[in-house]
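Reading the structure
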Amino acid sequence: MDAIMPLKLLMTLVKRDTMKTAVVGAGAMGSLFGGLLAASGEDVTLVDVWREHVEAINAGGLRIGGHEEYRTVNVKATTDPSSVGPVDLIIVFVKSYDTLEATRDALPMVSEDTVFLSLQNGLGNIEKISEAVGGDRVIPGTTAHGCTLIGPGEIVHAGSGPTVIGELDGRVTERVRGIRDALEGAGFETMISEAIRGALWSKVLVNVGINPLTALNGLRNGELLDHPDIMEVMRGAVEEAIRVAEALGVNMGEGDHVEKVYDVARATAVNRSSMLQDVERGRRTEIDALNGAIVDSARLLGLDVPVNETLTAAVRGLEFERARREG
Ligand code: KPL
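This write-up is about the structure you can find in this document. Keep in mind the model is a prediction, meaning the values are calculated, not measured.

In this section: the sheet that holds strand E9 (residues 146–151). Pairing is mixed in the open sheet, where four strands are placed in the order E4-E3-E10-E9. Of all strands in the sheet, those bounded by a partner on one side alone are strand E4 (71–73) and E9. The mean angle between the axes of side-by-side strands here comes to 30°, regardless of whether they run parallel or antiparallel. Sheet topology places E9 next to strand E10 (residues 154–159); five bridges connect them, and they run antiparallel. The partner of Gly146 across the bridge, within E10, is Gly159. Sheet contacts for helix H2 (residues 28–39): strand E3 (62–65), E4, E9 and E10; angle to E9, the most-contacted strand, approximately 100°.

Take the layout of surface pockets next. Size it by volume and the largest pocket reaches roughly 1100 Å³. Gly25, Gly27, Phe93, Val94 and Lys95 are, among the 49 residues lining the largest pocket, the residues nearest its centre. Sorting the residues of the lining of the largest pocket by element identifies H2, helix H4 (99–105), E9, helix H7 (196–217) and helix H10 (274–280) as the ones contributing at least two each. For the lining of the largest pocket, the element with the most residues is H7, which contributes five residues. Taken together, the residues that form the lining of the largest pocket break down as 21 nonpolar, 17 polar and 11 charged. When residues are assigned to domains, the lining of the largest pocket turns out to be shared by domain 1 (7–194) and domain 2 (198–325), each giving three or more. By volume, the second largest pocket amounts to about 460 Å³. Along the walls of the second largest pocket sit 25 residues, with Thr142, Val164, Ala199, Ser202 and Lys203 positioned nearest its centre.

A separate point is the pattern of salt bridges. Here the structure, examined in full by the defined rule, presents 16 salt bridges. Across the salt bridge formed by Asp169 and Arg171, the nearest N and O atoms sit 2.8 Å from each other. The network of salt bridges with shared partners includes Lys95, Asp278 and Arg283.

Turning to the pairing of E9, a few remarks are in order. The buried fraction of E9 is high, at five of six residues. The antiparallel hairpin formed by E9 and E10 contains two residues in its connecting segment, where Gly153 sits at a positive phi of about 75°.

Here H7 is 22 residues long and its end C-alpha atoms lie 32 Å apart, about the 32 Å a rise of 1.5 Å per residue gives. Most of H7 is tucked away: 17 of the 22 residues are buried. Backbone geometry just downstream of H7 places Gly218 in the positive-phi region, at approximately 65°.

What follows concerns the packing of aromatic side chains. Counted by the stated rule, this structure contains two aromatic pairs. Judged by centre distance (5.3 Å) and plane angle (50°), the rings of Phe33 and Phe93 are tilted. Pair noted here: Phe33 is in helix H2 and Phe93 is in the loop between strand E6 (87–92) and H4, with a separation of 60 residues, a long-range link. Assigned by exposure class, Phe33 and Phe93 land together as buried. Residues Phe33 and Phe188 carry aromatic rings whose centres are separated by 3.9 Å and whose planes lie at 5° to one another, so their mutual orientation is stacked. Linking Phe33 in helix H2 with Phe188 in the loop between helix H6 (174–185) and strand E12 (190–192), this pair joins segments that are 155 residues apart in sequence.

With mixed pairing, the eight strands of this open sheet are ordered in space as E5-E2-E1-E6-E7-E8-E11-E12. Each having just a single partner strand, strand E5 (76–78) and E12 make up the two edges of the open sheet. For this sheet the average axis-to-axis angle between neighbouring strands, irrespective of direction, equals 25°. As paired elements, strand E11 (residues 163–165) and E12 share three bridges and run parallel to each other. Looking across to E12, one finds that Ile165 is bridged to Ile192. Contacts from H6 reach E6, strand E7 (110–118), strand E8 (138–143), E11 and E12, with the element oriented near 165° to E12.

Our next topic: the packing of H7 against helix H8 (residues 228–247). Contact geometry of H7 with H8 gives a least axis separation of 9 Å together with a crossing angle of 145°. Remark: the crossing between H7 and H8 carries right-handed chirality. Taking contact as the criterion, the partners of Trp201, Leu205, Val208, Gly209, Ile210, Leu213 and Asn217 in H7 are, on H8, Ile230, Val233, Met234, Ala237, Val238, Ala241, Ile242, Val244 and Ala245. Of the residues belonging to the contact of H7 with H8, the class tally is 14 nonpolar, two polar and no charged.

Scoring rules and cut-offs
- Residues numbered from 1 in each chain as written.
- Predicted model: local features only at pLDDT ≥ 70, side-chain atom pairs only at ≥ 80, totals over all residues.
- Heavy atoms only, no water.
- Pairing = 2+ DSSP bridges.
- Helix = DSSP H or I, 4+ residues; strand = E, 2+ residues; numbered from the N terminus.
- Axes fitted to C-alpha atoms, helices over the stretch in contact; angles between N-to-C directions.
- Contact = heavy atoms within 4.5 Å.
- 1 Å grid on protein atoms, 1.4 Å probe; cavity = no way out; pocket = protein on both sides within 12 Å on 5 of 7 lines; lining within 4 Å.
- Points joined across faces, edges and corners; volume = space filled by probe spheres on them.
- Nonpolar A, V, L, I, M, F, W, Y, C, P; charged D, E, K, R; others polar.
- Domains from an automatic or database assignment.
- Salt bridge = Lys/Arg side-chain N within 4 Å of Asp/Glu carboxyl O.
- Buried < 20%, exposed > 50% of the residue type's maximum accessible area, 1.4 Å probe, protein only.
- Expected span 1.5 Å × (residues − 1).
- Phe/Tyr/Trp six-rings, centres within 6.5 Å; stacked < 30°, edge-to-face > 60°.
- Left-handed = near helix turned anticlockwise from the far one by under 90°.

Shown next, in the form of structure tokens:
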């Protein structure tokens, strides 16, 4: 064996027990996480309502593009959560408006120790999962990867970034370390945060700045930065969201949060944001859990957030018109 053992091989050799995992919501991001976890040796099943996608994955594997060449990963997929049996970990990746129902549908996979990890966009997911299964089972997280669903069984990994997970009470527990190790083993750079609420809000700032403007203008993330006027609107939306977070007592840490949003747009430059993908496919967007949630919180706090109000109204209008045209 070579003197310098590749890191991945080393991690496989020293590996702990595999974690039986279900990914609920196998869109672009769910497929990416589930696919790479399966490729690293974890026992993973993707669970999704989209039958053609599930059938394509079971027939020919999951095709992942975006690197030098396409790779095909073998991962199990099903539309029926009750066929999976009890699992250790359920990674929730459904759209924010489906969280409560999807968590309830996942109950056949829940045993005494099953933990839910949410890597979804938006505010309110943790509360909904907790409502269905109890807060003790829930680990919040965020990820800055960018991924596009091309068609059944096929995704393009269009940008990488850190994944941050953590217990709500800030403790660094065995279960959170186990999940971090599994994600790292699959190639996802993963950090444990002792202030996960702040990390969730930092990700919300990213989505509040990037998603509606890519969806409204039909731009890839990086193309937003070609337009100084659009960058100013991003700044306005993000600064308003920062004021809401501060009024709620959320600690997002030091640094220039607007610059961080621009950095994510740069790091995921070729990605079509999840909101742009939703609009292009005529699907409902997550605007209510993002800019819409900023507007709702601001109202309760007596703050003015005109940029977020405008972006929310514009995306809702776009959604409505698309749905009307498609009958
Ligand atoms: O989270 C994303 C999304 O598209 O929803 C980013 C990080 C902006 C990547 O596109």
